[in-house]
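Understanding the architecture of this molecule
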Amino acid sequence: MSRARLVRGAPLALVLGGWLVGQAFVNHLTQGGALPVATPERARADGADRNAECERCHQAEAQAWRSSRHREAFSNAEFQRAYAVEPASFCRDCHAPESASFASAENDALGVGCITCHQAGEAVISSQRHGLERGLPAHRLERNAEFGGSGACRACHEFSFGDDARREQPLLMQRTASEHAASGATQSCADCHMQGGSHAFASTRDPSAHQRAVEVEATALGASGLRLTLRTRDVGHSYPTGDLFRRVRVVAEAVGPDFQVRSRREVFLQRWFEDQPDRDGRPIRSEVSDTRLQPGVPSVIDFDFAQTNESRSIHWSVRLERVLHVKDHQEAAATIADEVVLAEGAL
Ligand code: HEC
Ligand code: HEC
Ligand code: HEC
Ligand code: HEC
Ligand code: HEC
């Protein structure tokens, strides 16, 4: 199952509100600015120059942004590998939106830029949180409370496979915003991912942040078994979220007195897909279950090694895996781009 097979069909038709262009502003400050969208229409030819202006005046934000996955959304190695396999023009809608209508190396290099998130016509959009204690902005400013909530993120972090017409229900390829709404979390995306206003969005690439986010409790189950109980901590959506090829691999191994592995078991926590008939009876990739961690719901995984002779101890590990390619029905054979050991131990 390649991304190419999953993303077949028409380009994503994301109708997420119009981009306000050329609106007349009376004051510097207006309520209700337009939220970011994942459509090319709003891109502008002078994107890179405009972005450089933002960077010149807002140096702290610019420095953090330059180190972020948003800045690297088009240039990073994982994206480039996937894009080489499936160079669809709509990939730029989210990975290099400023290049979506005005393709250029300069605009590609912006990835998700200042102007991608903040530009509302000739004005800049911001959340409600900040006063003007630091002085009057050097530009028109629109405030929209949704911008401090998931509204600034939803257009790119929630989208369907683009083949809604063939399905009874649209199937979402990423659905972090819906997961967030269902999680009961009171914090917004920015509360957790932009702590202190940081534009580095750094925690997701920090192994210790992931280790903190998943709590694992190991207990004996009878004489020859192991129970792992996994819980999320301060995560405002499913874990893992985002790209549909992220998963958690749980491994348990019965080890003999000679320290050789006698038996090995693996469980994958992920979204599971199968071909099922579409509206016209033709096979279409469908989601049959989702075994990822959910906030507030412990995931209990039992391993029984009663059949394994001479086992002395059970070693276990829990890993986050960022998968590049999957093979149907052969979870263990997937190509892994990157992994984080969340917890491990022995019983
Ligand atoms: C992925 C979207 C995104 C990108 C890219 C982005 N911002 Fe932001 N920015 C936000 C959000 C969301 C907030 C509001 C956070 C909040 O309310 O807590 C914000 C807040 C700000 C603020 C107000 C900070 C404060 O503490 O008052 C400034 C200034 C700012 N951004 C400038 C920039 C500049 C300059 C760039 C590019 C170097 C940039 N932003 C890139 C989403 C983004
Ligand atoms: C000539 C300097 C200058 C340029 C260019 C500039 N800004 Fe600003 N901006 C300011 C000043 C000054 C303020 C008000 C003080 C503050 O909030 O830092 C401000 C305020 C803001 C805020 C609001 C912070 C709040 O109170 O919520 C955001 C967001 C923002 N700018 C983003 C941008 C973006 C995005 C660009 C590029 C399109 C940009 N700015 C270009 C000087 C500039
Ligand atoms: C214009 C589209 C767009 C918008 C708007 C956007 N993002 Fe992203 N975001 C992306 C893309 C594309 C990536 C993937 C970059 C890559 O290839 O690793 C990403 C990556 C991330 C990551 C890093 C994930 C990782 O794998 O390490 C986080 C965290 C994130 N975004 C959070 C947010 C939040 C929070 C907001 C809203 C404040 C937001 N994004 C708004 C497109 C967007
Ligand atoms: C209550 C806090 C919280 C909220 C709210 C939250 N997140 Fe996260 N998110 C986390 C934690 C914790 C992780 C795990 C890695 C880390 O610590 O950054 C994570 C991981 C991610 C990842 C990386 C994929 C992965 O699972 O490793 C993305 C992308 C992301 N979040 C986007 C979002 C977006 C978009 C929103 C809003 C719709 C959001 N998050 C809301 C805490 C939160
Ligand atoms: C509607 C927005 C959108 C479109 C269109 C889109 N992506 Fe993404 N993509 C994202 C977001 C958001 C993330 C970050 C989620 C995360 O980190 O978990 C992401 C993550 C990825 C990743 C994982 C990168 C990493 O950090 O490991 C790859 C690879 C990728 N996309 C490839 C593609 C390709 C190839 C296309 C076109 C066929 C495409 N994407 C189209 C929004 C989009």
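Our subject in this report is the structure included herewith. (Residues numbered from 1 in each chain as written. Chains lettered and ligands numbered in written order. Predicted model: local features only at pLDDT ≥ 70, side-chain atom pairs only at ≥ 80, totals over all residues. Heavy atoms only, no water.)

This brings us to the overall build of the chain. What the chain contains, in helices and strands, is twelve helices and 15 strands. The 347 residues of the chain split such that 45% are buried. Taking as baseline every contact in the chain between residues at least 6 positions apart, the subset at least 24 positions apart corresponds to 62%. (Helix = DSSP H or I, 4+ residues; strand = E, 2+ residues; numbered from the N terminus. Buried < 20%, exposed > 50% of the residue type's maximum accessible area, 1.4 Å probe, protein only. Contact = heavy atoms within 4.5 Å.)

This part takes up the coordination of the iron atom of ligand 2. At 2.0 Å from the iron atom of ligand 2 lie its protein donor atoms, namely His-58 (NE2) and His-139 (NE2). Considering all six donor atoms around the iron atom of ligand 2, the spread of angles at the metal, 85 to 179°, places the coordination shape in the octahedral class. Of the two residues, His-58 is situated in the loop between α2 (47-57) and α3 (59-66) and His-139 in the loop between β3 (123-126) and β4 (141-143); the sequence distance between them amounts to 81 residues. (Donors = N, O, S within 2.8 Å, 3.2 Å for Na, K, Ca; no water. Tetrahedral: all angles 85-135°; square planar, octahedral: opposite > 155°, others 65-115°.)

On to the site of ligand 3, then. The environment of ligand 3 is formed by 20 residues, the closest being His-70, Cys-153, Cys-156, His-157 and Thr-204. At a separation of 2.7 Å, an oxygen atom of ligand 3 approaches a polar side-chain atom of Asn-76. His-157 is positioned such that a nitrogen or oxygen atom in its side chain is 2.7 Å from a nitrogen atom of ligand 3. Only α5 (91-95), α9 (154-157) and α11 (189-193) provide two or more residues apiece to the shell around ligand 3. In the shell around ligand 3, the residues fall into ten nonpolar, seven polar and three charged. (Near = heavy atom within 4 Å. Polar contact = N/O pair within 3.5 Å; in protein donor to acceptor, adjacent residues only side chain to side chain. Nonpolar A, V, L, I, M, F, W, Y, C, P; charged D, E, K, R; others polar.)

Moving on, we get to the sheet that holds strand β14 (residues 313-325). Within the open sheet, the four strands sit side by side as β10-β9-β14-β15. Their pairing is antiparallel. The sheet is open, and its two borders are formed by β10 (261-269) and β15 (335-346), each paired with just one other strand. The average angle at which neighbouring strand axes cross in this sheet is 20°, direction not considered. Sheet topology note: the strand β9 (residues 246-255)/β10 ladder contains eight bridges and is antiparallel. Counterpart to Ala-254 in the pairing with β10 is Ser-263. (Pairing = 2+ DSSP bridges. Axes fitted to C-alpha atoms, helices over the stretch in contact; angles between N-to-C directions.)

With that settled, the discussion passes to the site of ligand 1. Around ligand 1, the surrounding shell holds 21 residues, and the nearest of these are Cys-114, Cys-117, His-118, Ser-127 and His-199. His-118 is positioned such that a nitrogen or oxygen atom in its side chain is 2.8 Å from a nitrogen atom of ligand 1. At the level of elements, α3, α7 (114-118) and α8 (145-148) are the ones that each hand at least two residues to the shell around ligand 1. Residues that form the shell around ligand 1 fall into these classes: ten nonpolar, eight polar and three charged.

Where α2 meets α3, the axes come as close as 5 Å, and the angle between the chain directions of the two elements is 120°. The angle between α2 and α3 places the two elements in the oblique class. Residues Asn-51, Glu-55, Arg-56 and Cys-57 of α2 touch α3, and the partners they reach there are Gln-59, Ala-62, Trp-65 and Arg-66. Per-class residue counts for the contact of α2 with α3 are three nonpolar, two polar and three charged. (Parallel < 35°, antiparallel > 145°, perpendicular 65-115°, else oblique.)

The subject of this paragraph is the coordination of the iron atom of ligand 3. Binding of the iron atom of ligand 3 to the protein goes through His-70 (NE2) and His-157 (NE2), at separations of 2.0 to 2.1 Å. One way to put it: the six donor atoms around the iron atom of ligand 3 meet at angles of 84 to 179°, and that makes the site octahedral. Of this pair, His-70 sits in the loop between α3 and α4 (77-85) while His-157 sits in helix α9, placing them 87 residues apart in sequence. On the basis of relative accessibility, which here comes to 35%, the residue His-157 falls in the partly exposed class.

Glancing now at the pairing of β3. Along any regular strand, the residues point their side chains to alternate faces of the sheet. Neither face of β3 is open: one carries Ala-123 and Ile-125, the other Val-124 and Ser-126, and all of them are buried. Between strand β2 (residues 119-120) and β3, which pair antiparallel one after the other, the connecting turn spans two residues, and Gly-121 there sits at a positive phi close to 60°. Note: β3 against β4, three bridges, orientation parallel. Counterpart to Ile-125 in the pairing with β4 is Glu-142.

To continue, consider the environment of Ser-317. Relative to the helices and strands, Ser-317 resides in strand β14. C-alpha separation for the pair Ser-317 and Glu-266, spaced 51 residues apart in sequence, amounts to 9.7 Å. Non-local contacts of Ser-317, meaning those with residues more than four positions away in its chain, are made with Arg-249, Val-250, Val-251, Ala-343 and Glu-344. Here Arg-319 takes part through its side chain, which lies 3.3 Å from a polar atom of the side chain of Ser-317.

Now for unusual backbone geometry. Omega for the peptide link from Tyr-239 to Pro-240 comes to -5°, which places this bond in the cis form. Of note, Pro-240 is situated in the loop between β8 (225-232) and β9. In the Ramachandran plot, Asp-234 falls in the positive-phi region, its phi being about 55° despite a non-glycine side chain. Looking at the element boundaries, Asp-234 is found in the loop between β8 and β9.

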